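Examining the three-dimensional arrangement
Below, each chain spelled out in residue letters.
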Amino acid sequence: MEESTVRIHHWLTPLSWLYGLGVCLRNKLFDWGWLKSKSFDIPVICIGNLSVGGTGKTPHTEYLIRLLQGKGLHVATLSRGYKRHSKGYVLASSQSNAEQIGDEPYQMKSKFPDIQVAVDENRCHGIGQLLQLDNPPVDVILLDDAFQHRHVKAGLNILLTDYNRLFCDDTLLPAGRLREPATAKSRAQIVIVTKCPEDIKPIDFNITAKRLHLYPYQQLYFSSIRYGMLAPVFPQEANQRKMFSTLTGNEQVLLLTGIASPAPLVKEIRRYTPHIRQLTFADHHQFSNRDIKHIEEEFLRLEEWNRLIITTEKDAVRLKSHPALNEALKPYIYVLPIEIEFLQNQQPIFNQNIIDHVRTYSRNCSLSEK
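This one's a predicted model, so the numbers in the text were calculated from it and none came from an experiment.

1. Looking at the packing of helix α2 (residues 57–70) against helix α11 (residues 347–360)
It is the contact of α2 with α11, at a shortest axis distance of 11 Å, that shows an interaxial angle of 70°. As judged from the angle between their axes, α2 and α11 are roughly perpendicular. Relative to α11, α2 is oriented so that their crossing is right-handed. In this structure, α2 contributes Y63, L64, L67 and L68 to the contact, and α11 contributes Q347, F350, N351, I354, I355 and V358. Here the contact of α2 with α11 is built from residues that sort into 8 nonpolar, 2 polar and no charged.

2. Examining the side chain of H357
Considering the arrangement of structural elements, one finds H357 in helix α11. Residue classification places H357 among the buried residues on the basis of a relative accessible area of 10%. Once residues lying within four places of it in the same chain are set aside, the contact partners of H357 are V44, I45, G155 and L156.

3. Brief notes about a nonpolar patch on the surface
Together, L15, L18 and L21 make up a nonpolar patch on the protein surface, roughly 330 Å² of accessible area in all. Checked against the element boundaries, L15 lands in helix α1 (residues 13–31).

4. Comments concerning the environment of K87
Mapped onto the secondary structure, K87 falls in the loop between β2 (75–79) and β3 (90–91). Its relative accessible area of 73% is what places K87 among the exposed residues. With 194 residues separating them in the primary sequence, K87 and F281 have C-alpha atoms 25 Å apart.

5. Topic: the pairing of strand β8 (residues 219–227)
Of the pairings in the sheet, the one linking strand β7 (residues 190–194) to β8 comprises 4 bridges and is parallel in character. The residue of β8 that forms the bridge with I190 is Q219. Between β7 and its parallel partner β8, the chain crosses via helix α6 (residues 202–212), and the hand of that crossover is right-handed. Note: β8 against strand β14 (residues 338–342), 5 bridges, orientation antiparallel. Paired with S224 across the strands is E341, a residue of β14.

6. Some details on the environment of K185
Structurally, K185 is set in the loop between β6 (156–162) and β7. A sequence separation of 26 residues divides K185 from L159, and the C-alpha atoms of the two residues are 7.3 Å apart. A distance of 2.7 Å separates a polar atom in the side chain of K185 from the backbone oxygen of H213.

7. A closer look at unusual backbone geometry
Here N135 and P136 are connected by a cis peptide whose omega angle stands at 0°. Residue placement: P136 occurs in the loop between α5 (123–131) and β5 (140–144). Cis geometry marks the peptide bond from L173 to P174, where omega comes out at 0°. By the secondary structure assignment, P174 is in the loop between β6 and β7. Backbone geometry at H284 places phi at a positive 60°, although glycine is not the residue there. Within the secondary structure, H284 sits in the loop between β11 (276–280) and α9 (289–300). A residue is classified by how much of its surface remains accessible, and H284, at 7% relative accessible area, is buried.

Quick notes on the rules
Residues numbered from 1 in each chain as written. Predicted model: local features only at pLDDT ≥ 70, side-chain atom pairs only at ≥ 80, totals over all residues. Heavy atoms only, no water. Axes fitted to C-alpha atoms, helices over the stretch in contact; angles between N-to-C directions. Helix = DSSP H or I, 4+ residues; strand = E, 2+ residues; numbered from the N terminus. Parallel < 35°, antiparallel > 145°, perpendicular 65-115°, else oblique. Left-handed = near helix turned anticlockwise from the far one by under 90°. Contact = heavy atoms within 4.5 Å. Nonpolar A, V, L, I, M, F, W, Y, C, P; charged D, E, K, R; others polar. Buried < 20%, exposed > 50% of the residue type's maximum accessible area, 1.4 Å probe, protein only. Patch = residues over 30% accessible without salt bridge, like charges linked within 9 Å, V, L, I, M, F, W, Y side chains within 5 Å. Areas by Shrake-Rupley, 256 points an atom, 1.4 Å probe, with all protein chains shown as cover. Salt bridge = Lys/Arg side-chain N within 4 Å of Asp/Glu carboxyl O. Pairing = 2+ DSSP bridges. Right-handed = clockwise from strand over helix to strand, strands pointing away. Polar contact = N/O pair within 3.5 Å; in protein donor to acceptor, adjacent residues only side chain to side chain.

Fair warning: the whole summary comes from geometry, so function is off the table for now.
What follows is the structure in structure tokens.
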């Protein structure tokens, strides 16, 4: 791993010290019991990180959804619903949109309509509301991006760290990207190094494990991103013209991203075509009418033959409901879905550990006996 991949703004270090003092004091108040953490009579799994964005929380949460649903469990997810236009507890329905519940919860509800998706700034209150559902009752709750929300004492904490920016190489905000010191890793039972390269060597696993300095009670896993087939964001409109499922090298691509780390996606598309025009926005960017117009202008600059727009699942949910999006543009917009896969044949071990935890702490007696 190259040290140059982690950029530290050293001139901001004094501000990081002040920020760190506040974070450490808050954590100590929880450790000493002056601030309370609440446990719940249901398996609660937290998926989070120490840094700000970009570690792959959403695809790992979706992996857990698939795993738990495959075992017949009734799954619920709870997050704060970042940048939503609503307040308090909201339980998603088939009529919900990204403005009401946030882009990532909306993405999960769209992909997994049978699960309960809720948002609430107060996670304790949100869990309490989910526990009142009885048709069917919830078996397990996944907390998305709640590692710092210590008012909830999750039964299992899964901590993610990007292979290209390990928390041991980073520093606190604003000089770096850490929300907490690296020592906060101690609260996690599972650590996953995400976004590992395809050509990672066996020695790199050992080097990374040593650099993280995990404790004996912590399990370490490695995962990488796996890209799926291109899919139209607006299938009905796309059916009126040639549809893409893979790239052949001649396509003219406008790559539209509003995510924390677009570099892996750019690298993936360059494997198939060199004709890429990038249009990059900040993470969770809310597209304005001006942005939509700019997207259309950039698209029209591409050569007319075999041109298309490729975006991420998270960005697609914000585009789908945008009133300013030109109808003529819809047939050309595609999404490149992603999933994660575990390396070193770790998948069966990880899956079993998750299932064992849920069964051990389930409030459903029949499930526990299984």
